[in-house]
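# Notes for the structure review
Here are the chains, one letter per residue:
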Amino acid sequence: MLRTGLFTLIAALCAVLLPATADAAPAPGVRASYANPVRTDGHVDAAATIDRLRAMNANTYAFLVQNETDWHELEAFLPEAQTAGLTVWTYLVPPTECPGGTSCAEYLPHKKDYTAWARAIGALSLRYPVLKAWAIDDFNHNLPFFTAAYTKQIRDAGRAVQPGLEFYPVVYSDAVTTSFVDTYGGTIDSVIVPFRDDPHRNTLWTGSLSTQLDTLITRLAAKNRKLILMVYASTLSATTVAPDVAYVRAVTAVGMQYTAAGKIAGVIQYALPLTPGRPQKSDKSFAHTGNGGLVFTVHPDTATKAGDFAAASTTVRLDEGSASCRMVLWHSDDRAGSSPAGYHVKQAQVGGTQVWQRDVATEGTDWYTSAPIDLTPRLTGGSATLTLRLYEAKAVADYEVVARFDDVSLTGCHVADPGFEATGGWTFSRGNGAVNVGQHVYDPAYSTSVLAAVGALYAA
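Only a predicted model underlies this, so the values are computations on that prediction, with no experimental measurement involved.

Bringing the layout of surface pockets into the picture now. Each pocket or cavity is described by its volume, and for the second largest pocket that value is around 350 Å³. For the second largest pocket, the lining is made up of 19 residues, of which L204, T206, F428, G438 and Q439 are closest to its centre. When residues of the lining of the second largest pocket are traced back to their parent elements, those giving at least two are helix 7 (245-260), strand 22 (427-430) and strand 23 (436-441). A class-by-class count of the residues in the lining of the second largest pocket yields nine nonpolar, nine polar and one charged.

Here it is in structure tokens:
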């Protein structure tokens, strides 16, 4: 999950979570962030980072230890956190992410000895009681190394030093199986579960979140354990569309509802940027004009079936005094005219009847307009449902595409939010998760906006 760049930042998690006893589920309330801290002169600016976390109404910060100096940065951060009353978790990387490779020879100070890491974290917790827990990223990708026996050993090593120290592995939803819970449930305290619409891997679609949470809550209850929901507040690797503010808000809101109901232990933000005024990492605008656009995706190495689709719908209504309705669509995609035709098709339907379509291979990658489309015969009582969608005319095994709509231009009639600049005007559906749809609004000051959005939810 974590990525190392030329200037690797220590990440932190903001969550709402309270510590648990050895055999009891944690109480609701963690508002956490695994965020990029504020840095000055190459070092973590503890005071500025804590100020931003307070503005976010976070009560917990997950401090990433990955690079050579990170352990010492953590030691320097903890006194400030102690004074502020900010709960801290130490967030370690597994062998698959160690600096220098899987031997962890450059992962200092304790390298691949996670028992030693646990004891050292326990010792720090004795000095600074706000250090309540520790986590390991991408735990389920390293199960041959982290056997159940070794996991119990490392958790017990930390507790031998600090009996209240808790351990939270990061496990993706499709790996939180009944077998995993049976095998590891007694060796962990809670599970950090990132939401990425598994098995479809994207940060565009949120509709599967509640179903996934309900399933995992039931499984973990067998061992009296709860999960901590991780929200991607920064770009997830191997995805096409970066999370925007509305996406983070939507996932966080569901997590906070489940937290308030006592169903999960809390919410943590993945790599939420704390430095104000920054755009989203690796983000771009999908809009024709403004900042918002409607986006459809089929990812690489993704199989679809003929008839699969994703759709966005709204209601088109006649203007007062109008007797006709005409529409022009702005549309685009990233497939050149030389791409294979007959697979991905952009479509518009009104009242359930198709009124326009265009193969993604018909034109280039610029924005184009449709010819004017007369919608009047499709209206009933002056209104009808308008649906824009990406449809699979034939199955594909590995044929990626990003298709877009924006600036729905109407004469004599109107829809809510024709430029996709706000949320709430359109509803989304899909016939198979292999084809995804969502609204994306680019924000050049994303870090400021997302902190405010999460802060408002955390405050509530």
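Counting residues in hydrophobic clusters, the biggest one holds 98 residues, and the most contacted among them are F77, W89 and Y114. The residues contacting F77, other than those within four sequence positions of it, are V44, A46, T49, I50, Y61, F63, L86 and V88. Among the nonpolar cores identified, the runner-up in size contains 34 residues, and V316, A384, L388 and W426 belong to it.

Across all of its chains, the model carries two cavities of 30 Å³ or more by this definition. Space inside the largest cavity adds up to approximately 40 Å³. At the level of elements, strand 9 (190-194), helix 6 (209-221) and strand 10 (226-232) are the ones that each hand at least two residues to the lining of the largest cavity. Sort the elements by how many residues they give to the lining of the largest cavity and helix 6 lands first, with four residues. Of the residues that constitute the lining of the largest cavity, the class distribution is eight nonpolar, two polar and no charged.

A separate point is the packing of aromatic side chains. Per the counting criterion, the structure on display carries 23 aromatic pairs. Centroid distance W71 to W117: 5.7 Å. Interplanar angle 70°. Geometry classified as edge-to-face. Of the two residues, W71 sits in helix 2 (residues 70-84) while W117 sits in helix 3 (residues 114-127), which places them 46 residues apart along the sequence. Across this residue pair, the class does not change: W71 and W117 are buried. An angle of 75° between the planes, with centres 5.1 Å apart, marks the rings of Y114 and F146 as edge-to-face.

Take the pattern of salt bridges next. The tally for this structure, following the rule as stated, stands at eight salt bridges. When the shortest N-O distance is used, the salt bridge between K152 and D156 registers 2.7 Å. Of this pair, K152 and D156 both sit in helix 4 (residues 148-161), four residues apart, roughly one helical turn. D197 is the salt-bridge partner of R430, the closest N and O atoms lying 2.9 Å from each other. Placement of the pair is R430 in strand 22 and D197 in the loop between strand 9 and helix 6, with a sequence separation of 233 residues. Of the residues examined, D197 reaches a relative accessible area of 0% and is grouped as buried.

For the rest of this paragraph, the subject is helix 3. Taking 1.5 Å per residue, 14 residues should reach 20 Å; helix 3 reaches 20 Å between its end C-alpha atoms and fits that length. The buried fraction of helix 3 amounts to 10 of the 14 residues, a majority that puts the element mostly inside the structure. Of the residues making up helix 3, those classed as buried are Y114, T115, A116, W117, A118, A120, I121, G122, L124 and S125. Those residues of helix 3 that are buried are in contact with strand 5 (60-65), helix 2, strand 6 (87-92), strand 7 (131-136) and helix 4.

To continue, consider the sheet that holds strand 6. Here we have four strands laid out as an open sheet, ordered 5-6-7-8, and parallel in their pairing. Strands at the two margins of the open sheet, each flanked by one partner only, are strand 5 and strand 8 (166-169). Between one strand axis and the next, the sheet turns by 25° as a mean value, whatever way the strands run. Here four bridges tie strand 7 to strand 8, and the two strands are oriented parallel to one another. Within the sheet, the bridge partner assigned to W134 lies in strand 8 and is F167. Lying over the sheet, helix 3 contacts strand 5, strand 6 and strand 7, oriented at roughly 160° with respect to strand 7.

A full pass over the atoms with the stated rule returns two disulfides. A disulfide bridge connects C98 with C104, and the sulfur atoms are separated by 2.1 Å. Disulfide C98-C104: torsion about the S-S bond near 75°, hence right-handed. Considered together, C98 and C104 belong to a single accessibility category, that of buried residues. Between the sulfur atoms of C325 and its disulfide mate C413 the distance is 2.0 Å.

What counts as what
Residues numbered from 1 in each chain as written. Predicted model: local features only at pLDDT ≥ 70, side-chain atom pairs only at ≥ 80, totals over all residues. Heavy atoms only, no water. 1 Å grid on protein atoms, 1.4 Å probe; cavity = no way out; pocket = protein on both sides within 12 Å on 5 of 7 lines; lining within 4 Å. Points joined across faces, edges and corners; volume = space filled by probe spheres on them. Helix = DSSP H or I, 4+ residues; strand = E, 2+ residues; numbered from the N terminus. Nonpolar A, V, L, I, M, F, W, Y, C, P; charged D, E, K, R; others polar. Core = buried A, V, L, I, M, F, W, Y, C linked by side-chain atoms within 4.5 Å. Buried < 20%, exposed > 50% of the residue type's maximum accessible area, 1.4 Å probe, protein only. Contact = heavy atoms within 4.5 Å. Phe/Tyr/Trp six-rings, centres within 6.5 Å; stacked < 30°, edge-to-face > 60°. Salt bridge = Lys/Arg side-chain N within 4 Å of Asp/Glu carboxyl O. Expected span 1.5 Å × (residues − 1). Pairing = 2+ DSSP bridges. Axes fitted to C-alpha atoms, helices over the stretch in contact; angles between N-to-C directions. Disulfide = S-S within 2.5 Å.

So far we have only geometry, and geometry alone does not tell us how the molecule works.
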